[in-house]
Amino acid sequence: ARIDARINWFNARKDNVVARQRRVAERVTEFVNRLEQKGYDVSKVRSDLETLKGMVVTSDTDYSAFIRELEETKQFDCGDSQGAFKQAVEESKTALAKFRSDVKANWDFIKNTLRPDMQALRGQNPSPATSE
């Protein structure tokens, strides 16, 4: 029961993290679409968005692997499994660490790559022919 409670807790937290990352991608996409209609060259930002979407999918996959590892701990009795339970918990902790590093990498990418590329759009002069 405690493992199921932890899984539910992790699922709620993961849903919040992934939803925030997807909202960022959606908002940037909408913004880029508006700028593109005005004649801005947004190819670099679009490339960054595709990279971000791939990173979110990777972190989602790693989270699923973590939950599978955590689910496997339910098959062992804590006192009777001769260390197998502890080993399974350690494996799930390793998978959780991988997911957390993926999430951190996603936010670092947003902060250090996507945001500066979007700010670089300020320096552009849109071509008037495409904005008409």
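Scroll up to find the structure.
Everything numeric in this text was worked out from a predicted model, so none of it was measured. (Residues numbered from 1 in each chain as written. Predicted model: local features only at pLDDT ≥ 70, side-chain atom pairs only at ≥ 80, totals over all residues. Heavy atoms only, no water.)

### As for the overall build of the protein chain
- Secondary structure assignment for the protein chain yields four helices and zero strands.
- When the elements of the protein chain are put in sequence order from the N terminus, they spell out α-α-α-α.
- In summary, the protein chain has a C-alpha radius of gyration of 21 Å against a globular reference of 14 Å for 132 residues, an excess of more than 25%.
- Projected onto the principal axes, the alpha-carbon positions of the protein chain cover approximately 75 × 20 × 15 Å.
- Within the protein chain, buried positions represent 31% of all 132 residues.
- Considering only residue pairs separated by 6 or more positions, the protein chain has 80% of its internal contacts joining residues 24 or more positions apart.
- Approximately 8,800 Å² of the protein chain is accessible, and the part contributed by carbon and sulfur atoms is 49%. (Helix = DSSP H or I, 4+ residues; strand = E, 2+ residues; numbered from the N terminus. Rg over C-alpha atoms; globule rule 2.2 N^0.38 Å. Buried < 20%, exposed > 50% of the residue type's maximum accessible area, 1.4 Å probe, protein only. Contact = heavy atoms within 4.5 Å. Areas by Shrake-Rupley, 256 points an atom, 1.4 Å probe, with all protein chains shown as cover.)

### Some details on a positive patch on the surface
- Positive charge collects at one region of the surface, where R2, R6, R13 and R100 lie side by side.
- With respect to the helices, strands and loops of the structure, R100 is situated in helix α3 (residues 84-120). (Patch = residues over 30% accessible without salt bridge, like charges linked within 9 Å, V, L, I, M, F, W, Y side chains within 5 Å. Salt bridge = Lys/Arg side-chain N within 4 Å of Asp/Glu carboxyl O. Lys, Arg positive; Asp, Glu negative; His and termini not counted. Charge placed at Lys NZ, Arg CZ, Asp CG, Glu CD.)

### Some words on α3
- The first and last C-alpha atoms of α3 sit 53 Å apart over 37 residues, in line with the 54 Å expected at 1.5 Å per residue.
- By the largest-angle criterion, I110 marks the main kink of α3, which is about 35 degrees. (Expected span 1.5 Å × (residues − 1). Bend = angle between axes of the 7 residues up to and from the residue.)

### Here we look at the pattern of salt bridges
- Under the counting rule described, the total for this entry stands at five salt bridges.
- Residue D60 is joined to K14 by a salt bridge in which the shortest nitrogen-to-oxygen separation is 2.8 Å. With a gap of 46 residues between them, D60 in helix α2 (residues 43-72) and K14 in helix α1 (residues 2-37) connect regions that are remote in the sequence.
- Given the relative accessible area of 13%, K14 is considered buried.
- Across the pair K98 and D62 runs a salt bridge, and its minimum N-O distance is 3.4 Å. Linking K98 in helix α3 with D62 in helix α2, this pair joins segments that are 36 residues apart in sequence.
- For K98, a relative accessible area of 45% puts it in the partly exposed group.
- According to the relative accessible area criterion, D62 is buried, its value standing at 13%.

### Things to note about the nonpolar core
- Membership of the largest hydrophobic core comes to 17 residues, with the highest contact counts inside it found for V28, V42, V45, L52 and L114.
- Looking at this core, the elements that each hand over two or more residues are α1, α2 and α3. (Core = buried A, V, L, I, M, F, W, Y, C linked by side-chain atoms within 4.5 Å.)

### Describing the packing of aromatic side chains
- One pass over the full model with this rule turns up four aromatic pairs.
- In this structure an aromatic cluster arises from ring pairing among W9, F10, Y63, F66 and F99. (Phe/Tyr/Trp six-rings, centres within 6.5 Å; stacked < 30°, edge-to-face > 60°.)

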